[in-house]
Amino acid sequence: LPVVKPTILKHTPALRFFEEDLGFRHPERLDWVLHTVLPTYSGHNVTKTAKQYEKDIFDIAEALDTSNPEQYERLRDTLLETSFIRAVNAATGRPQFVRPINACIRTEEVKIWFEGNDEAWFVKMNKDLLQTEAWKRVRKALEPELACSTRIFAQRLQGVVSLPSRRGAHRRGLYGFDPYALIS
């Protein structure tokens with residue numbers, strides 16, 4: 001994508017020159033995200049300031065909002081293959097950008113399952129960004145891949161999970177472990 005400095009476009013004659021004489025148009029948000037924003041997340045040593053990352057999330061959310069269904073699916077597929085989720089390793093706390101399928105929203109329940117696991121990653125963003133409508137729209141587009149939700153069927157009592165007991169067959173789980181729990 002050809003890029004023109006925004007400060008140049010503030011001057012009406014320059015804007016007219018680019019639009020009328022050269023035929024440039026403002027890029028669609030989808031093109032901007034696919035060709036400018038997401039490629040910055042390729043590689044292993046991606047660094048972004050909190051402000052840059054927040055702008056990227058807002059751009060992605062706007063692209064999702066303004067896309068037709070076919071473009072939406074194309075963007076969603078690209079997002080799922082891009083390591084753009086800021087996360088920390090559950091065992092080491094090391095920050096890294098990971099693909100949505102490799103990150104979990106950290107809840108107390110998910111923490112019990114994955115804390116200390118060096119292959120698990122928890123989403124790490126400042127609380128203000130997590131509360132924005134932009135993040136909520138991006139998260140919704142990525143579900144269920146990003147959700148990493150858990151369902152625990154048994155009730156926990158003082159570190160012991162009481163499980164079904166039938167005549168001659170008694171079972172229980174210790175310290176929150178439930179052998180019937182599902183992680184999706």
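Before reading further, recall that the structure is shown in the block above.
Here the structure is a predicted model, which means the values were calculated and not measured.

## What about the pattern of salt bridges?
Here is step 1 of the chain: Tallied over the entire structure, the rule returns 9 salt bridges.
Here is step 2 of the chain: In this structure, Lys55 engages Asp59 in a salt bridge whose closest nitrogen and oxygen atoms are separated by 3.0 Å. You can see Lys55 and its partner Asp59 sitting in helix H4 (residues 50-66), 4 residues apart, about one turn around the helix.
Here is step 3 of the chain: Relative accessible area serves as the criterion here: at 46%, Lys55 is assigned to the partly exposed category.
Here is step 4 of the chain: Given a relative accessible area of 5%, Asp59 falls into the buried group.
Here is step 5 of the chain: The closest approach of N and O atoms between Glu143 and Arg139, which form a salt bridge, is 3.6 Å.
Here is step 6 of the chain: Residue classification places Arg139 among the partly exposed residues on the basis of a relative accessible area of 28%.
Here is step 7 of the chain: One continuous salt-bridge network, built from bridges that share partners, spans Arg29, Lys55, Asp59 and Glu62.

Conventions we followed
- Residues numbered from 1 in each chain as written.
- Predicted model: local features only at pLDDT ≥ 70, side-chain atom pairs only at ≥ 80, totals over all residues.
- Heavy atoms only, no water.
- Salt bridge = Lys/Arg side-chain N within 4 Å of Asp/Glu carboxyl O.
- Helix = DSSP H or I, 4+ residues; strand = E, 2+ residues; numbered from the N terminus.
- Buried < 20%, exposed > 50% of the residue type's maximum accessible area, 1.4 Å probe, protein only.

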